[in-house]
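# What the coordinates show
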Amino acid sequence: MTINEIQEEIIEEFAGFEDWMDKYAYLIELGTDLEGLDAKYQTEQNLIKGCQSKVWFNASLEEGKVKLEADSDAIIVKGIAALLIRVFNNQSPEDIMNADLNFIDEIGLKQHLSPTRSNGLVSMVKQIKMYGIAFNHVK
Amino acid sequence: MAIDIQKIRKDFPILEEQVHGKPLVYFDNAATTQKPTQVIDEMVKYYYKYNSNIHRGVHYLSNKSTDGNENARKIVQKFINAEHLHEIIFTRGTTESVNLVANSFADKYISEGDEVIVSEMEHHSNIVPWQLVCEKKKAILKVLPFNDKGELLVDQLDALISDRTKIVAVNHISNSLGTINPIQKIIDIAHARGVKVLVDAAQSVQHVKIDVQEWDVDFLVFSGHKLYGPTGIGVLYGKEDLLNEMPPWQGGGEMIKEVRFEGTTFNELPFKFEAGTPNYIDAIGLGAAIEYVENIGLENIDAYEQELLAYATEKLSGIEGLRIYGTAEHKTSVISFLVDGIHFYDMGMLLDQMGIAVRTGTHCTEPVMQHFGIDGTVRASFSFYNTKEEIDALYKGILKVCKMFVH
C-alpha cells in the first residue's frame, strides 16, 4: 500500500471511534503491542527528546525500503509512533521524503503537534523524513 | 471567617469555560493562577482611559499612569511590609529578579573563590542565574540537600557555609514538592555567619503572609502571575543599603540621572534598577491582584487551601500504586505524584481529555527529579477557587486512567 492509502485506512479506523476514550484506548493498545526497541538501540543517537517523554527511532535500509522501529517510555506516545511506523515502514526513501502527512490532523491528534514541550511528534516526523533524505542520498 | 467559594468563583470568568466539552477543572495553579475580573477590569480601565508613558510626563494622562504605577508599588510595599517604598523594584518576574540580583550582587560582592549556596529543590530560575555568575566570577556553587520527604537539611547549612560564602539563595515553598521551608531559621543561620539571603517567594506570596522585616531577609523575589495578577510583572525587594551599593544591571531609560559621553550618573532607587519603559499597566494589575487577595485574607486562603490539600492527599493516597513525591510536614497545596506503570505524560494527556488541567514533567526542577530517580511527575496544585468536588473529579479521573491501562 502507498503512504496515502495507509493514511486513508487509519483515518477511516479512527472515524469509527465514538469518543475520546475509545481513541486513546486504541492508542494505548497500539503502544502496548508495538514491539519496541532492543536496549542496544535505545541510544542517545536514536533519541528524539521531547520535553516530556523519550522516543527512540531506529532506521535501516533493506532492498531499497526503509525499515523503522521505535520505542517510548510513554505508552500513548509509543502508540503514535506505532501509527507513524505503519505509515512509513517499508516505503521507499523517496516516497517518505515527499510524503504529505495529513492523518494526524484528521484523527484529531493535532494537539500533539505542539512544537515545544510536547511529545516530540513534530521531531518524530522530521526525523523519519531525515532518514528518507539520508537513505535516498545513499541509494 | 469562612470564605464563600461559589461567590469567589464568579470573580474568575475562565472557571466557567468548558474544555473538550467538559467543565474546566483547573489544577495548574503553581504554574500560573487565573485572574479575577477585578484585575482584568482595572487593567482594561487604564488602557481605555489613562494609558500614557509614566514618569517625567507633564500631562494629565502621564500623571494618571504614574500615580497608578507608584500606587501599585505602595501596595506591594505594604503587602510584604517593606520598610521603604524604594526597596520595591518592578521586574518582569521572579526569573528576572533573580538574574538582576545574581548579576548586580556578584559584580559588587563576589570574586574568584567565593561561594554561593542554593538548595537541591530550587526552580531552575534560582539555579541557572547563579551558575552563570559563578562561572563568570570563578566562584563556587554549593548545594544544600533535602531528605526523601522533601525537607531541606537545614541543620547542614551552617557546616556548608564557609568564610567565602556570600549569599544563600533558597525558595520559601518548593514548586514541585510543595514543601514550606523554614526560612526564618535559614536566614538566622546565614546572618549569624554574615551571609546574605535571597528568598524565592514565587510559590508562597499567594499562600502565606510574608513580612520581610520580621524575617530580616536581604532579597525577596516573586511574580505577579502566580498571585492572580498579570504575566510580565514581578517584584524584587532588596534592603536599601544593599540596593544602593549594588551597580545597575541594565542601562537606559528611567534609570539615569544624567547622561554625558564622558560618563553617566544613575537615578536613585528604585528607578536605578528599572531601565526602559516600565510595565506600568501590569504593575497596576498586580496592585489590584494583591488588593483582591488581601480582601479575601491570606489567613482565610491558607486555611481553606490546607483543607483542600488534606482532602486531596487522603483521597489520592487511597489509589493503588499512586506515590506522592513531597511529603514534608509543612506543605502548601501542591501534590506531585506518579502511578505505577503509567507515564506522567500519558496521565496528563488523558486527564486533559476529561477537562482536568494538571502539569506534567520536571516542573523546571530537574535536580528534584534526579533526587528521586524519576523523569517527572504529575502535579496538581490547588487554589482557593478550587473545590472538593473538583478534587473528586481528579480522583475519579485518575481511576479512569488506571482502568484504561489495565489490559
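Look up a bit, the structure's there.
Think of each chain on its own: its residues are numbered from 1, step by step along the sequence as written. Each chain takes a letter, starting from A, and each ligand takes a number, starting from 1, following the order in which they are written. The predicted nature of this model means local features are confined to residues of pLDDT at least 70 and side-chain atom pairs, given and counted, to a pLDDT of 80 or more, with totals for whole chains, interfaces and linings taken over all residues.

## Concerning the overall build of chain A
Secondary structure follows DSSP: runs of H or I at least 4 residues long count as helices, runs of E at least 2 residues long count as strands, and numbering of each begins at the N terminus. Per the secondary structure count, chain A includes six helices and three strands. Based on the C-alpha atoms only, the size of chain A along its principal axes is roughly 45 × 30 × 25 Å. Here the contact rule is simple: place C-beta atoms from the backbone, and any two residues whose C-beta atoms are within 7 Å are in contact. Residue pairs in contact within chain A that sit at least 24 positions apart in sequence constitute 66% of those at least 6 positions apart.

## Topic: unusual backbone geometry
All names here are of chain B. The omega torsion of the bond from L269 to P270 falls at -5°, within 30 degrees of zero and hence cis. With respect to the helices and strands, the residue P270 is situated in the loop between β12 (263-266) and α10 (280-296). Located in the positive-phi region is K138, a residue other than glycine, with phi close to 55°. On the neighbour-count criterion, K138 (11 C-beta atoms within 10 Å) is exposed. Positive phi values are uncommon outside glycine, yet H363 reaches one of about 60°. The burial label depends on the number of other C-beta atoms within 10 Å of a residue's C-beta. Counts of 20 or more mean buried, 12 or fewer mean exposed, and intermediate counts mean partly exposed, with C-beta atoms placed from the backbone.

## Here's the deal with the sheet that holds strand β2 (residues 54-62) of chain A
Residue and element names in this part refer to chain A. Judged by pairing direction, the sheet is antiparallel, and its three strands sit side by side in the order β1-β2-β3 without closing on themselves. A strand with exactly one partner marks an edge of an open sheet, and here the two such strands are β1 (47-49) and β3 (65-72). When strand polarity is set aside, the average angle formed by the axes of neighbouring strands in this sheet is 30°. Any two strands with at least two DSSP-identified bridges between them are counted as paired. Of the pairings in the sheet, the one linking β1 to β2 comprises three bridges and is antiparallel in character. Of the residues in β2, the one forming a bridge with K49 is K54. Helix axes are fitted only over the stretch in contact, all axes being lines through C-alpha atoms; the angle between N-to-C directions runs from 0 to 180 degrees. Where helix α3 (residues 75-88) meets the sheet, its contacts fall on β2 and β3, and the angle it forms with β3 comes to roughly 175°. Against the sheet, helix α6 (residues 121-138) makes contact with β1, β2 and β3, and its axis sits at roughly 20° relative to β2, the strand it touches most.

## Quick word on the sheet that holds strand β4 (residues 88-91) of chain B
Residues and elements named next belong to chain B. Pairing is mixed across the open sheet formed by seven strands, whose spatial order is β4-β10-β9-β8-β7-β5-β6. The two strands at the open ends of the sheet, each matched to only one other strand, are β4 and β6 (140-144). Along the sheet, successive strands turn relative to each other by an average axial angle of 20°, direction set aside. Its contacts with the sheet place helix α5 (residues 128-137) against β5 (115-119), β6 and β7 (165-171), and it is angled at close to 145° to β6.

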